[in-house]
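What follows is the residue order along each chain.
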Amino acid sequence: MSSTENSTSSAAETFDGKTVVITGASAGIGAGFARHAASLGMRLVLADIAADRLEALAGELRAGGAEVETVVVDVADAASVESLAERAYARFGSVDMLINNAGIMAMGYSWEIPAERWDAALRINIGGYVNGLRAFVPRLLEQGTKAWVLNVSSVGGMLPSPLMAPYSVTKFGTLALSESLHYEMQMRQAPIQVSVVMPDSVKSEIFRAAQPGDGTPPEIAGFNQQLQARADEQGITPEEHARRVFDLVAGGAYWAIPQPEMLDAVLQGRTDMILSRATPTLNLG
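In this report, the structure presented in the accompanying data block is examined. (Residues numbered from 1 in each chain as written. Predicted model: local features only at pLDDT ≥ 70, side-chain atom pairs only at ≥ 80, totals over all residues. Heavy atoms only, no water.)

## A word on the packing of helix 5 (residues 115-143) against helix 6 (residues 165-188)
Logical step 1: Look at helix 5 against helix 6: their axes get within 9 Å of each other, and the N-to-C directions meet at 15°. On the basis of their axis angle, the class for helix 5 and helix 6 is roughly parallel. As for the relative orientation of helix 5 and helix 6, their crossing is right-handed in sense. Contacts between helix 5 and helix 6 pair Trp-118, Ala-121, Leu-122, Asn-125, Ile-126, Tyr-129, Val-130, Leu-133, Val-137 and Leu-141 from the former with Ala-165, Pro-166, Val-169, Thr-170, Lys-171, Gly-173, Thr-174, Leu-177, Leu-181, Met-185 and Arg-188 from the latter.
Logical step 2: In terms of residue class, the contact of helix 5 with helix 6 is made up of 15 nonpolar, four polar and two charged. (Axes fitted to C-alpha atoms, helices over the stretch in contact; angles between N-to-C directions. Helix = DSSP H or I, 4+ residues; strand = E, 2+ residues; numbered from the N terminus. Parallel < 35°, antiparallel > 145°, perpendicular 65-115°, else oblique. Left-handed = near helix turned anticlockwise from the far one by under 90°. Contact = heavy atoms within 4.5 Å. Nonpolar A, V, L, I, M, F, W, Y, C, P; charged D, E, K, R; others polar.)

## Details of the sheet that holds strand 6 (residues 192-197)
Logical step 1: The sheet built from seven strands is open, its strands ordered 3-2-1-4-5-6-7 with parallel pairing. Of all the strands in the sheet, the pair left with one neighbour each is strand 3 (68-72) and strand 7 (255-256).
Logical step 2: With five bridges connecting them, strand 2 (residues 43-48) and strand 3 associate as parallel partners. Its bridge partner lying in strand 3, Val-45 is registered against Glu-69.
Logical step 3: Where helix 3 (residues 51-63) meets the sheet, it contacts strand 2 and strand 3, and its direction lies at approximately 180° from that of strand 3. (Pairing = 2+ DSSP bridges.)

## Thoughts on the nonpolar core
Logical step 1: Val-21, Leu-84 and Phe-136 are the most contacted members of the largest nonpolar core, which has 35 residues in total.
Logical step 2: Sorting the residues of this core by element identifies strand 2, helix 4 (78-92), helix 5, strand 5 (147-152), helix 6 and strand 6 as the ones contributing at least two each.
Logical step 3: Not counting residues up to four positions away in its chain, the partners in contact with Phe-136 are Val-21, Leu-84, Ala-85, Ala-88, Tyr-89, Val-95 and Leu-98.
Logical step 4: Membership of the second largest hydrophobic core comes to 34 residues, among which are Ile-29, Ala-31, Leu-57 and Trp-148. (Core = buried A, V, L, I, M, F, W, Y, C linked by side-chain atoms within 4.5 Å. Buried < 20%, exposed > 50% of the residue type's maximum accessible area, 1.4 Å probe, protein only.)

## Overview of the environment of Tyr-167
Logical step 1: Residue position: Tyr-167 is located in helix 6.
Logical step 2: What makes Tyr-167 buried here is its relative accessible area of 13%.
Logical step 3: Separated by 95 residues in the primary sequence, Tyr-167 and Val-72 place their C-alpha atoms 23 Å from one another.

## Focus on the pairing of strand 2
Logical step 1: Summarising burial for strand 2: five of the six residues are buried, a large majority.
Logical step 2: Here strand 1 (residues 19-23) pairs with strand 2 via five bridges, running parallel. Bridged to Thr-19 within strand 2 is Arg-43.
Logical step 3: Each parallel crossover has a hand, and for strand 1 linked through helix 2 (residues 28-39) to strand 2 it is right-handed.
Logical step 4: Between the parallel elements strand 2 and strand 3, the chain passes through helix 3 in a crossover that is right-handed. (Right-handed = clockwise from strand over helix to strand, strands pointing away.)

## Some thoughts on the packing of aromatic side chains
Aromatic rings considered in pairs are described by the distance between their centres and by the relative angle of their planes.
Logical step 1: As enumerated under the stated definition, the model contains five aromatic pairs in all.
Logical step 2: Summarising the aromatic geometry, the rings of Phe-33 and Phe-246 are spaced 6.1 Å apart at their centres and angled 70° between planes, so their arrangement reads as edge-to-face. Here Phe-33 is found in helix 2, whereas its partner Phe-246 is found in helix 9 (residues 238-250), with 213 residues between them in sequence.
Logical step 3: What makes Phe-246 buried here is its relative accessible area of 1%.
Logical step 4: Note on Tyr-109 and Trp-111: the rings are 4.9 Å apart at their centroids and 25° apart in plane angle, and the pair reads as stacked.
Logical step 5: Classification of Trp-111 by relative accessible area gives exposed; the value is 64%. (Phe/Tyr/Trp six-rings, centres within 6.5 Å; stacked < 30°, edge-to-face > 60°.)

## Describing the packing of helix 2 against helix 3
Logical step 1: Relative orientation of the contacting elements helix 2 and helix 3 amounts to 15°, with a least axis distance of 10 Å. Our classification of the angle between helix 2 and helix 3 gives roughly parallel. Here helix 2 and helix 3 pass one another in a crossing that is right-handed. Contacts between helix 2 and helix 3 involve Ala-31, Ala-34, Arg-35 and Ala-38 from the former and Leu-57, Glu-60 and Leu-61 from the latter.
Logical step 2: When its residues are assigned to classes, the contact of helix 2 with helix 3 shows five nonpolar, no polar and two charged.

## Some points on the environment of Ser-204
Logical step 1: Secondary-structure assignment places Ser-204 in the loop between strand 6 and helix 7 (206-209).
Logical step 2: Measuring from C-alpha to C-alpha, the distance between Ser-204 and Gly-59 comes to 21 Å, with 145 residues separating the pair along the chain.

## Some details on the pattern of salt bridges
Logical step 1: Inspection of the entire model under this criterion finds ten salt bridges.
Logical step 2: In this structure, Glu-239 engages Arg-35 in a salt bridge whose closest nitrogen and oxygen atoms are separated by 3.1 Å. Residue Glu-239 is located in helix 9, and its partner Arg-35 is located in helix 2; the two are separated by 204 residues in the primary sequence.
Logical step 3: You can call Glu-239 partly exposed: its relative accessible area is 31%.
Logical step 4: Of the residues examined, Arg-35 reaches a relative accessible area of 30% and is grouped as partly exposed.
Logical step 5: With a closest N to O distance of 2.7 Å, Glu-69 and Arg-91 form a salt bridge. In this pair, Glu-69 sits in strand 3 while Arg-91 sits in helix 4, placing the two residues 22 residues apart along the sequence.
Logical step 6: Given the relative accessible area of 37%, Arg-91 is considered partly exposed.
Logical step 7: In this structure, a network of salt bridges that share partners links the residues Glu-240, Arg-243, Arg-244 and Asp-247. (Salt bridge = Lys/Arg side-chain N within 4 Å of Asp/Glu carboxyl O.)

Quick look at the structure:
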């Protein structure tokens, strides 16, 4: 048996029959998590604000035999996320895993991105995760059984980027939130494993969805196109991303880094820059 088969077997043994709640589940990385969780035998609570896409995915998974509950949720609204938790427990009686994944992208010069777009990124990418923790962690603690909380950050949570400051800010924030939660679970001696997910290029429409409109300066439009092309050409599929993440989490990893070779190649240079107090230099190569 290959190492891939061994790791998949371990993930299936760990998660078969467990219930997972996934936000931002209707597309991209979230849909990849949903499809792979279904293949592991998990029961699914899929949350998204896009009702039509959510039902289409749920129909696909139900046709394959998965137990699926769908909930239309605005993660930026605490009451909406609390209703998600109530629905999840009403349907399945318990929850074993929360994947905070819902997020948006905003591109442009940091001072030109409209205030409402900045606000939306903060409310969804950070506030949505906090709302998820507030709704689910007390219930997980009360259960007292082994559980998992996965917060999806990005390699952009370690590597700030020009022209996408709201994304960089919120993904850095996700690292801080996750590590704080991890320490808090240790303080409580709780059986809740926290993992922070650090995807690099994954085949999705995230950059096309954030594509600037007409009249955008060419450097911004070009940067967007460069990032989307990288995802299209070098990215792994959302399903392969999910497989790697679930394998890492099943093995107890806090750092769920599915493409370590990409991050490791640049992280040492950033670390050296900080330790030497060097002024950051832009490199778009």
